[in-house]
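Observations on the three-dimensional arrangement
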Amino acid sequence: MEKTYNPALFEDKWYQEWLEKGYFHADEKKVLNGEKPKFSVVLPPPNVTGVLHIGHALNSTLQDIICRWKRMKGYEVCWIPGTDHAGIATQWVVEKQLASEGLTRHDVGREKFLERVWEWKESCGGRIINQLKKLGTSCDWERERFTMDEGFSRAVRKAFVTLYKEGLIYKGKRLINWCPRCHTALSDLEVEHEEVKGNLWYIRYPVVGENRYLVVATTRPETMLGDVAVAVNPNDERYKDLVGKKVLLPIVNREIPVIADEYVDMEFGTGVVKITPAHDFNDFEVGKRHGLEPIQIMDDWAKITVEPFKGMDRYEARKAIVKMLKDEGLLEKIEEHVHSVGHCYRCKTVVEPYLSDQWFVKTKPLAEKAIEAVKTGEIKFIPRQWENTFFDWMYNIRDWCISRQIWWGHRIPVWYCKDCGHLTVTEETPERCEKCGSKNIYQDEDVLDTWFSSALWPFGTLGWPDNTDDLKAFYPTDLLVTGFDIIFFWVSRMIMTGYHFTGEKPFSDVYVHALVRDEHGQKMSKTKGNVIDPLDMIQKFGADTLRFTLAALAAQGRDIRLSEKIIEGYHHFANKVWNVARFILTATENIETEGEKELYPEDKWILTKLSETAKTVDRELANYRYNDAAKAIYQFIWGELADWYLEFSKSRIYKGTETEKRTAAFVLLRVLKDAMKLLHPFMPFITEEIYQKLPDKDAESIVIAPWPDEEISYPEAEIVDTIREIIRGVRNVKAEVNIPPSTPVPVEIKTENATLKKTIKIMEPAIKQVAKVSSITFSDKKPEKALSFFLPGIEVYIKVGNLIEVESEIEKIEKRLNSLKKDIEKLKRKLANENFLSRAPGEVIEKNRKKLEEIKEIYDKLSQTLNQLKSL
């Protein structure tokens, strides 16, 4: 092995090898003939425009850990990757290219524009797939899909036509979210609401036939051009006499009624609101209740269509209208007002409620089965708290606007007849109208919402609507790993369509991972400059280090705080793994492991710990407790194998008999092999590199090696744990009185435990080597000039003799205790300070509390040592 760990030398090499050998490809026949159980997952398809970010890295790593673990446990694992065509996002990229050439999509026309998008997709669209491979994802790349590939497009058309024929898709004139920049409808979920500082304009509406005004407060004076009424609450005594009367709409000079509706908040503004059904969602509902016809005063570019403001941008018109109201004495006052304003998720333009013809899915009938599935536990959310988020959305679900006024996407399979007006809705392109036979037909210009196609992902990727072998073998899938932000966008819709089209759930478990934030808990963003690029981290530390870091920090329900320093910390662990393997392989290189063996207590201890660790990793991965599984394997490799067993084994490896050498070498290699298997799902590359160097491999590759599941439990393991505590105690006492760690000291032990005595005698060479003691004896009396510590049923005496100057050590410890006492008092005062407690972040307070406990513990130990020194 190379002296130092250098992942660049082997990560790409092993990934290529795995692909060539086909280890990630699932054989559906093995599932269908009952040879192997299946485990199937679909990768949430990243946008074809995407570049790997830290959220992708987390999501893919968590899936890969489970897939690699299941593969080693004997499952036929089918992990389907792919990309999403990402309608608006992709079209925007290509439109920007055209803009740099001084063109728009309308200049080149639909057909040529779509050719440009496909060209871009072929040349740039695969970047994120290659980046996922750099991370080590073990996807079945032979089954890679694209949401606009031929087969998937057929599934989309089939779904649309089926829902239409069932009466669950309809076209209607409805108020929708409209982006004037992207020039398309947006679903409610594609609108991001932000608190914005604006104004409340108080406008006087003259009461017809009377010498008084009704004052209306509004945040959008420009929409008053489309007012069809003013409304008051029926319980508002101030305005009861005005209900049924009319007011004159300023500027337009149109008479409109005063209506009563409980929607009106009596506390807001003056308690009187204007009703503009064509430009406000709440007003649209009020208008329907009162039979008021909407008046549209803006076009799809958000320009005013009404004189004298025709052609003006909405904000330009706002200024002109406010000025005119002032000039006419109809503006009573202006107040500052903070309110929530919807923005397009893609280009951040303020969204306009817009009245237009759109296609909708009736979602309530589809939601019932989905709600029931989660209620009964047929589909589980992990952590469970996300079920509430799911239910909150599903119980209040609105019809889903699925049409988009863009060109890139699945074109709606509806053809209009110019002669008879009939709509032909079919999966295949028709030549004529199905009703009158006319060839004078044209296709709907709109495309489907991107989420409509991705809602079919779990079964569409497996060949639906055909009943393929893949569908029979791998559907329903077992796991979906996703972020909380797309529970509504995607998860809920996959559940609805899964049940509706296949009669089965799309997946069993939904693991919802947290956000990756910076080390201070701030959301990562380019503007803050706190973004961690996973590709940079892979280049610097290797994919294994990044993967293990993300897994170790992935506690359920808690956001991940990440920094390069933390990643570097886990890089030390990768180095430790490398060095442990290098030591074992070098130390055992010339030792023949076949033949008679005799297990020592420390051998039985490490084999028991290995078995316990395998059970822990198994249990925690089954419960998606990635951080606890990572912690268990980390603790075993570093805290038990490296820190203890390697040290215990050295005396036999270098100075033992042939049988002792053979036994130690056999156990070292066995433990290394199984430790690499346990670590493999987290760190696939380094574990393969080490596994291939082992003399006793049990598979061609660690990817397909069997998972360690042998039950091993020796009673001696507990005794060795006690011996470790004795060694720790000896080291601590030496440190407290400044005896160098390498200086051997005589140790006497007083105990009635016969098994402990026997084990210590067997392990004496190893204990001397590790604890750096010159002798170990058993006695019933306390020796002179000795410092001691106690464990249950055990007294341990370190005979310091002339190794220390007692008076000098007493003086040093007293000086240290005085310093510690001051630190304790200072921290106590700080933690009693109300000002500090009310202003400091919770983590800072907790850090100070922890520090206080640590200092008190050191103080108590040193005080005991001081008392012992004084009695010498």
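Please refer to the structure placed before this passage.
Throughout what follows, the structure given in this document is the object of discussion.

The rules we used
Residues numbered from 1 in each chain as written. Predicted model: local features only at pLDDT ≥ 70, side-chain atom pairs only at ≥ 80, totals over all residues. Heavy atoms only, no water. Helix = DSSP H or I, 4+ residues; strand = E, 2+ residues; numbered from the N terminus. Rg over C-alpha atoms; globule rule 2.2 N^0.38 Å. Buried < 20%, exposed > 50% of the residue type's maximum accessible area, 1.4 Å probe, protein only. Areas by Shrake-Rupley, 256 points an atom, 1.4 Å probe, with all protein chains shown as cover. Lys, Arg positive; Asp, Glu negative; His and termini not counted. Charge placed at Lys NZ, Arg CZ, Asp CG, Glu CD. 1 Å grid on protein atoms, 1.4 Å probe; cavity = no way out; pocket = protein on both sides within 12 Å on 5 of 7 lines; lining within 4 Å. Points joined across faces, edges and corners; volume = space filled by probe spheres on them. Nonpolar A, V, L, I, M, F, W, Y, C, P; charged D, E, K, R; others polar. Phe/Tyr/Trp six-rings, centres within 6.5 Å; stacked < 30°, edge-to-face > 60°. Lys NZ or Arg CZ within 6 Å of the ring centre and 35° of its normal. Axes fitted to C-alpha atoms, helices over the stretch in contact; angles between N-to-C directions. Parallel < 35°, antiparallel > 145°, perpendicular 65-115°, else oblique. Contact = heavy atoms within 4.5 Å. Core = buried A, V, L, I, M, F, W, Y, C linked by side-chain atoms within 4.5 Å. Salt bridge = Lys/Arg side-chain N within 4 Å of Asp/Glu carboxyl O. Pairing = 2+ DSSP bridges. Patch = residues over 30% accessible without salt bridge, like charges linked within 9 Å, V, L, I, M, F, W, Y side chains within 5 Å. Left-handed = near helix turned anticlockwise from the far one by under 90°. Arc of directions from axis to C-beta. Expected span 1.5 Å × (residues − 1).

Another aspect to go through is the overall build of the protein. Within the protein one finds 29 helices and 29 strands. Relative to its length of 872 residues, the protein is extended, with a C-alpha radius of gyration of 36 Å against a globular reference of 29 Å. Based on the C-alpha atoms only, the size of the protein along its principal axes is roughly 115 × 70 × 55 Å. The burial tally for the protein puts 54% of its 872 residues in the buried class. In the structure as shown, the protein presents an accessible area of about 39600 Å², 47% of it carried by carbon and sulfur atoms. Computed over 127 positive and 136 negative side-chain charges, the inter-centroid distance for the protein is 3 Å.

According to the stated counting rule, one finds three cavities of 30 Å³ or more in the structure shown. One number sums up the size of the largest cavity: a volume of about 80 Å³. Taken together, I723, I726, I727, V730, V747, I749, I760, I767, A771, V773 and I776 form the lining of the largest cavity. Contributing elements (two or more residues each) for the lining of the largest cavity: α24 (716-736), β26 (745-751), α26 (764-771) and β27 (773-778). A total of four residues in the lining of the largest cavity trace back to one element, the largest contributor, which is α24. Partitioned by chemical class, the residues of the lining of the largest cavity number eleven nonpolar, no polar and no charged.

What follows covers the environment of K850. Along the chain, K850 falls in helix α29 (residues 842-871). By relative accessible area, which is 55% here, K850 ends up exposed. Linking K850 and Y170, residues 680 residues apart in sequence, is a C-alpha distance of 62 Å.

Below, the discussion takes up the packing of aromatic side chains. Given two aromatic rings, their pairing is described by the distance between the two centres and the angle made by the two planes. Here the structure, examined in full by the defined rule, presents 39 aromatic pairs. Over the ring of Y75 we find K70, and its NZ or CZ is 4.5 Å from the ring centre. Above the face of the Y600 ring, R652 is positioned so that its terminal group lies 4.5 Å from the ring centre.

Turning next to the layout of surface pockets. Quantified by volume, the second largest pocket comes out at close to 1100 Å³. Surrounding the second largest pocket, 40 residues form its lining, T219, R220, D280, H339 and S340 being those nearest its centre. Every element with two or more residues in the lining of the second largest pocket is listed here: β7 (191-206), β8 (213-218), β12 (272-275), α9 (281-290), α10 (314-327), β13 (331-344) and β14 (352-361). Counting residues per element, the lining of the second largest pocket draws most heavily on β7, at eight residues. Per-class residue counts for the lining of the second largest pocket are 15 nonpolar, 13 polar and twelve charged.

Looking now at the packing of helix α17 (residues 534-541) against helix α18 (residues 543-553). Contact pair α17 / α18: the axes reach a minimum separation of 7 Å and the direction vectors enclose 120°. Between α17 and α18, the interaxial angle falls into the category oblique. For the pair formed by α17 and α18, the contact residues are P534, M537, I538 and F541 on the first element and A543, T545 and L546 on the second. Residues of the contact of α17 with α18, tallied by class, amount to six nonpolar, one polar and no charged.

Turning our eyes to something else, we now look at the nonpolar core. The biggest cluster of nonpolar side chains holds 149 residues, and the ones touching the most others in it are F548, L679 and F682. For F548, the contacting residues outside a window of four places in its chain are Y570, F573, A630, I633, Y634, L679, F682 and M683. One finds I169, V361, F474 and Y499 within the second-largest nonpolar core, a separate group that totals 61 residues.

Once that is clear, we can look at the pattern of salt bridges. For the coordinates displayed, the defined rule picks out 63 salt bridges. Its salt-bridge partner being R145, residue D149 comes within 2.9 Å of it at the nearest N-O pair. Residue class for R145 comes out buried when judged on its relative accessible area of 15%. Beyond isolated ion pairs, a larger network of salt bridges with shared partners links E28, K29, D140, R143 and D470.

To continue, consider the sheet that holds β14. Strand pairing in a sheet takes place through backbone hydrogen bonds and is either antiparallel or parallel in direction. An order of β6-β5-β14-β16 is seen for the four strands of this open sheet, with the pairing classed as antiparallel. Single-partner strands in this sheet number two, and they are β6 (184-186) and β16 (400-401).

The subject of this paragraph is unusual backbone geometry. The general pattern is negative phi for most residues beyond glycine and trans for most peptide bonds. Between E307 and the following residue, P308, the backbone shows a cis peptide bond with an omega angle of 5°. The topology assignment puts P308 in the loop between α9 and α10. For the bond from Y475 to P476, the omega torsion is 0°, close enough to zero to count as cis. You will see that N738, though not glycine, has its phi angle at about 60°, which is positive. Classification of N738 as partly exposed rests on a relative accessible area of 48%. Of note, the phi angle at K785 is positive, near 45°, even though the residue is not glycine. Mapped onto the fold, K785 is located in the loop between β27 and β28 (786-791). On the basis of relative accessibility, which here comes to 43%, the residue K785 falls in the partly exposed class.

A cluster of basic side chains, namely K826, R829, K830, K847 and K851, defines a positive patch on the protein surface. For the positive patch, the secondary-structure elements that each account for two or more residues are α27 (806-832) and α29. By secondary structure assignment, the location of K830 is in helix α27. For K830, a relative accessible area of 36% puts it in the partly exposed group.

Right, let's talk about the packing of helix α21 (residues 626-655) against helix α22 (residues 658-679) for a bit. Contact geometry for α21 and α22: axes closest at 10 Å, N-to-C directions at 165°. As summarised for this structure, α21 and α22 are arranged roughly antiparallel, according to the angle between their axes. The interaxial crossing formed by α21 with α22 has left-handed handedness. Along its contact with α21, which presents I633, F636, I637, L641, Y645, L646, S649, R652, I653 and Y654, the element α22 presents E660, K661, T663, A664, A665, V667, L668, V671, A675, M676, L678 and L679. Here the contact of α21 with α22 is composed, by residue class, of 17 nonpolar, two polar and three charged.

W386, E387, F390, F391 and M394 are the residues of helix α12 (residues 386-395) that are buried. Within α12, the buried residues cover an arc of 140° as seen down the axis, which keeps them to one side. For α12, the exposed residues set more than 90 degrees away from the buried face come down to N388 and D392. Against the buried residues of α12 lie α11 (364-376), β15 (380-382), α16 (487-502) and β23 (509-513).

Moving on, we get to α10. Given a rise of 1.5 Å per residue, 14 residues ought to cover 20 Å, and the 20 Å separating the end C-alpha atoms of α10 matches this to within 8%. Listed in full, the buried residues belonging to α10 are R314, A317, R318, I321, V322 and L325. End-on view of α10: buried residues confined to an arc of 135°, all on one side of the axis. Across from the buried face of α10, at angles greater than 90 degrees, the exposed residues are K319, K323, K326 and D327. Buried residues along α10 sit against β7, β13 and β14.

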